[in-house]
Amino acid sequence: MTSETGRPAETGDEEFHATLHSLRVWAHPLPSFDAQAAPAEPLPLFREWLVHAARAGQPEPHTMSLATVDGAGRPDVRILMLHEADARGWHFASHATSAKGRQLAEQPEAALAFYWPAVGRQVRVRGSVTACGPQESREDLAVRSRGALAAALTGRQSEVLGSPQELVRASEAAWDRAGTEPDAPAPTWTRYVLEPREVEFFQGDAARRHIRLRYRRPAGGSWTAELLWP
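Residues numbered from 1 in each chain as written. Predicted model: local features only at pLDDT ≥ 70, side-chain atom pairs only at ≥ 80, totals over all residues. Heavy atoms only, no water.

S.K.: Explain the overall build of the chain to me, using residue names and the numbers behind them.
M.R.: Along its length, the chain carries six helices and nine strands. Taking the principal axes of the C-alpha coordinates as reference, the chain spans close to 60 × 55 × 40 Å. Across the chain, the fraction of contacts at a sequence separation of at least 24, relative to all contacts at a separation of at least 6, is 64%. With the model as given, the accessible surface of the chain reaches about 13,800 Å², and the carbon-plus-sulfur share is 54%. (Helix = DSSP H or I, 4+ residues; strand = E, 2+ residues; numbered from the N terminus. Contact = heavy atoms within 4.5 Å. Areas by Shrake-Rupley, 256 points an atom, 1.4 Å probe, with all protein chains shown as cover.)

This is the structure we're talking about:
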């Protein structure tokens with residue numbers, strides 16, 4: 001029996017397991033984190049941590065996992081970019097007709113996760129999601145690159161693709177239009193804002209004495225912070 005690479009499946013299994021069990025995390029010094037000195041609200045700390053991760057050399061620290069559920073309660077997750085974090089919440093964007101857009105329309109609750117291995121830090125955010133209006137969604141796209149506009153104009157995100165050639169043709173047409181019509185409308189492009197109810201900050205520790213600081217805010221209430229066992 002051989003694997004898809006042509007090698008015996010047993011060899012592939014051995015290589016996979018040997019590699020998996022040889023992997024380690026945080027082979028470099030990690031920053032300290034004084035949870036007792038943390039701000040009263042999570043947003044300033046999140047901004048500080050993102051900037052710190054970027055300056056520490058973490059590639060693409062603005063990428064995050066977005067978890068949603070569909071109408072049957074089945075979870076889904078994918079990676080996308082953070083567009084803003086402000087007093088309203090954590091901002092991202094997608095097509096309203098995409099899988100995530102349809103799921104958020106049915107169940108406007110979501111969770112975000114950031115992982116910055118360069119500094120051994122994670123941030124988790126949970127809350128309700130609101131779709132912004134057409135003007136703000138268009139403004140979101142206007143400040144991004146030609147490639148972002150071309151991708152939005154290509155559209156049909158999450159639909160079944162007939163062939164790679166079909167994508168090439170649609171993408172080339174979208175790139176041409178994005179170059180000649182930088183204000184071209186992408187009607188389904190939507191900016192979303194996740195209003196947080198819970199934000200957790202995780203600082204890894206080589207001795208496994210990780211620091212976990214969780215902020216929670218009830219509806220209409222103020223933020224409270226508490227430490228969690230790792």
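S.K.: I'd like a description of unusual backbone geometry, backed by residues and values.
M.R.: One non-glycine residue, Trp26, lies in positive phi territory at about 55 degrees. The residue Trp26 is located in the loop between α1 (9-22) and α2 (42-55) in this model. At Arg208, a position not held by glycine, the phi torsion is positive, near 65 degrees. Its relative accessible area of 48% is what places Arg208 among the partly exposed residues. (Buried < 20%, exposed > 50% of the residue type's maximum accessible area, 1.4 Å probe, protein only.)

S.K.: Outline helix α5 (residues 146-154), supporting the account with residue identities and numerical values.
M.R.: The α-helix winds at 3.6 residues per turn, so residues separated by three or four positions along the chain end up facing the same way. Considered for burial, the residues of α5 that qualify are Ala148, Leu149, Ala150, Ala152 and Leu153. Buried residues along α5 sit against β4 (89-95), α4 (134-142), α6 (164-180) and β7 (189-203). Looking one or two residues past α5, Gly155 carries a phi angle of roughly 60 degrees, positive in sign.

S.K.: So what's going on with the packing of aromatic side chains? Residues and values would help.
M.R.: Centre-to-centre distance and the angle between the planes together describe a pair of aromatic rings. Throughout the structure, instances matching the rule amount to ten aromatic pairs. A ring pair is formed by Phe33 and Trp49, whose centres lie 5.1 Å apart and whose planes are at 75 degrees; its orientation type is edge-to-face. Of the two residues, Phe33 is situated in the loop between α1 and α2 and Trp49 in helix α2; the sequence distance between them amounts to 16 residues. Classification of Phe33 by relative accessible area gives buried; the value is 12%. Classification of Trp49 as buried rests on a relative accessible area of 1%. When the centroid spacing of 5.2 Å and the interplanar angle of 85 degrees are considered together, the rings of Trp49 and Phe201 count as edge-to-face. Here Phe201 lies in strand β7 and Trp49 lies in helix α2, a separation of 152 residues in the sequence. Like Trp49, the residue Phe201 is buried in the burial classification. (Phe/Tyr/Trp six-rings, centres within 6.5 Å; stacked < 30°, edge-to-face > 60°.)

S.K.: Outline the pairing of strand β2 (residues 75-81), supporting the account with residue identities and numerical values.
M.R.: By the bridge criterion, seven bridges tie strand β1 (residues 63-69) to β2 in an arrangement that is antiparallel. Counterpart to Met64 in the pairing with β2 is Leu80. Between β1 and the antiparallel strand that follows it, β2, lie five residues; Gly73 among them carries a positive phi value of about 85 degrees. (Pairing = 2+ DSSP bridges.)

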